[in-house]
Amino acid sequence: MSPTLIVGNWKMNLGVRESYDLARQIAPACEGLQKTSVWVAPSCLSVPAVAKVFRDSAVEVGSQNVHWEDRGAYTGEISPTQLREVGGSFALVGHSERRSVCDESIELCARRALGAIRAGIKVIFCIGETRGQRESGQTEQTLTAQLLPFLANVQPSHQPAVIVAYEPVWAIGTGLVASEVEIEESHALIASLCQRYLGDSTTPILYGGSVSPANFEDILRCRGVHGVLVGGASLSATKLTELIAISEGHG
Ligand code: PGA
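Structure report, in brief.

1. A word on the overall build of the protein
Looking only at helices and strands, one finds 10 helices and 8 strands in the protein. What you see for the protein is a C-alpha radius of gyration of 17 Å, in line with the 18 Å of a compact globule of 251 residues. Residues counted as buried form 53% of the 251 residues belonging to the protein. Considering only contacts in the protein between residues 6 or more positions apart, those separated by 24 or more positions represent 72%. Approximately 11,500 Å² of the protein is accessible, and the part contributed by carbon and sulfur atoms is 50%. Side chains of the protein give 20 positive and 26 negative charges; the mean places of these two sets differ by 5 Å.

2. As for empty space enclosed by the protein
With the rule as written, the count across this model stands at 1 cavity of 30 Å³ or more. Forming the boundary of the largest cavity are Gly 94, His 95, Ser 96, Arg 99, Cys 126, Ile 127, Gly 128, Gln 146, Glu 167 and Val 169. Elements supplying a minimum of two residues to the lining of the largest cavity: α4 (96–100) and β5 (122–127).

3. Some thoughts on the sheet that holds β5
With parallel pairing, 8 strands are arranged side by side around a closed barrel as β1-β2-β3-β4-β5-β6-β7-β8. Strand after strand, the sheet turns through a mean of 25° between neighbouring axes, direction not considered. Judged from the 4 bridges that link them, strand β1 (residues 4–9) and strand β8 (residues 227–230) form a sheet pairing that is parallel. From the neighbouring strand, Ile 6 faces β8, where its bridge partner is Val 228. Of the strands in this sheet, β5, β6 (162–166) and β7 (205–208) touch helix α8 (residues 180–198), which is tilted by about 155° from β6.

4. Here's the deal with the nonpolar core
Within the largest apolar cluster, 64 residues are counted, with the highest numbers of intra-cluster contacts made by Phe 54, Phe 125, Leu 147 and Phe 150. Counting residues in hydrophobic clusters, the runner-up holds 12 residues, among them Leu 5, Ala 41, Leu 92 and Ile 163.

5. What to know about the side chain of Ser 79
Along the chain, the position of Ser 79 falls in the loop between β3 (60–63) and α3 (80–85). You can call Ser 79 buried: its relative accessible area is 4%. Here Asp 70 takes part through its backbone oxygen, which lies 2.8 Å from a polar atom of the side chain of Ser 79. Here Ser 79 is in contact with Val 66, His 67, Glu 69 and Asp 70, once residues within four sequence places are set aside.

6. Side note on unusual backbone geometry
For Lys 11, which is not a glycine, the phi torsion comes out positive at approximately 50°. Mapped onto the secondary structure, Lys 11 falls in the loop between β1 and α1 (16–26). Residues other than glycine seldom take positive phi values, yet Asp 103 does so here, at roughly 60°. Within the secondary structure, Asp 103 sits in the loop between α4 and α5 (106–118). With a relative accessible area of 67%, Asp 103 lands in the exposed category.

7. Some points on the site of the ligand
The ligand sits among 13 residues. The nearest are Lys 11, His 95, Glu 167, Gly 173 and Ser 210. Within the side chain of Lys 11, an N or O atom sits 2.6 Å from an oxygen atom of the ligand. Ser 210 places a main-chain nitrogen or oxygen 2.7 Å from an oxygen atom of the ligand. Looking at the shell around the ligand residue by residue, the class counts come to 4 nonpolar, 7 polar and 2 charged.

8. Concerning the pairing of β7
Here β7 shows a buried face lined by Ile 205 and Tyr 207 and a second buried face lined by Leu 206 and Gly 208. Handedness of the crossover joining β6 and β7 through α8 is recorded here as right-handed. Both β7 and β8 contribute to a ladder of 3 bridges, which runs parallel. Each bridged residue has a counterpart across the sheet, and for Leu 206 the counterpart in β8 is Gly 227.

9. Considering the packing of helix α7 (residues 139–151) against α8
Orientation of α7 relative to α8, taken along the N-to-C sense of each, is 30°, at an axis distance of 11 Å. The angle between the axes of α7 and α8 places the two elements in the roughly parallel class. Handedness of the crossing formed by α7 with α8: right-handed. Where α7 abuts α8, its residues Thr 139, Glu 140, Leu 143, Thr 144, Leu 147, Leu 148 and Leu 151 lie against Ser 186, Leu 189, Ile 190, Leu 193, Cys 194, Tyr 197 and Leu 198.

Thresholds, definitions, all that
Residues numbered from 1 in each chain as written. Predicted model: local features only at pLDDT ≥ 70, side-chain atom pairs only at ≥ 80, totals over all residues. Heavy atoms only, no water. Helix = DSSP H or I, 4+ residues; strand = E, 2+ residues; numbered from the N terminus. Rg over C-alpha atoms; globule rule 2.2 N^0.38 Å. Buried < 20%, exposed > 50% of the residue type's maximum accessible area, 1.4 Å probe, protein only. Contact = heavy atoms within 4.5 Å. Areas by Shrake-Rupley, 256 points an atom, 1.4 Å probe, with all protein chains shown as cover. Lys, Arg positive; Asp, Glu negative; His and termini not counted. Charge placed at Lys NZ, Arg CZ, Asp CG, Glu CD. 1 Å grid on protein atoms, 1.4 Å probe; cavity = no way out; pocket = protein on both sides within 12 Å on 5 of 7 lines; lining within 4 Å. Points joined across faces, edges and corners; volume = space filled by probe spheres on them. Pairing = 2+ DSSP bridges. Axes fitted to C-alpha atoms, helices over the stretch in contact; angles between N-to-C directions. Core = buried A, V, L, I, M, F, W, Y, C linked by side-chain atoms within 4.5 Å. Polar contact = N/O pair within 3.5 Å; in protein donor to acceptor, adjacent residues only side chain to side chain. Near = heavy atom within 4 Å. Nonpolar A, V, L, I, M, F, W, Y, C, P; charged D, E, K, R; others polar. Right-handed = clockwise from strand over helix to strand, strands pointing away. Parallel < 35°, antiparallel > 145°, perpendicular 65-115°, else oblique. Left-handed = near helix turned anticlockwise from the far one by under 90°.

As structure tokens, this is what we get:
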């Protein structure tokens, strides 16, 4: 069985020094894990410092967004090769805060993800419905529309670099967690799309949205959950360490 993947998304919460300190605090808990992989996504300015902490460990460090080109006149962007140069191996793409706050379109997110994968960066492609979309019965349609422009264009050889994160927008940072049925239905849909377009049933599918030590065990028990994308709780060394211990003790 593949290890459970715990990905910390530190968003724009920590400075470089604070990110380095948090990385140093969690590093001991990330040693010698049997059932768990830990990845962290600090803000991009902190990637080099955090990557240095985890240089000789299994922890992977990534960015919270990425551009599709290697270089060029793209003010304010970070390229996949720049990310690799400072020790990054993966990127989040299409996080709901990028889609809603920064107006990133479905097509733009797909473009970012496809370019990054071509350049050797693993992509955690984030999708999720709003409360309104769920209440009006549009969850399946929304998730499919967000995922397809990406999935349908991944080359078969790049399939191992694809990870999908299901994050209901209404569960992010709110303390609300999707129910077991909601998680299992969405993960089953994503798995079937991965099977259809990538010809593969091993694509890791993460759940995200108010994951904490209090609910992690229940989330891990949901069918089709291969890991979690954690925001708020990943900013606390204590909570992140607890999540790791729960994963190690699970199953
Ligand atoms: P949260 O954030 O755990 O604070 O809800 C998750 C995310 O935005 O990835």
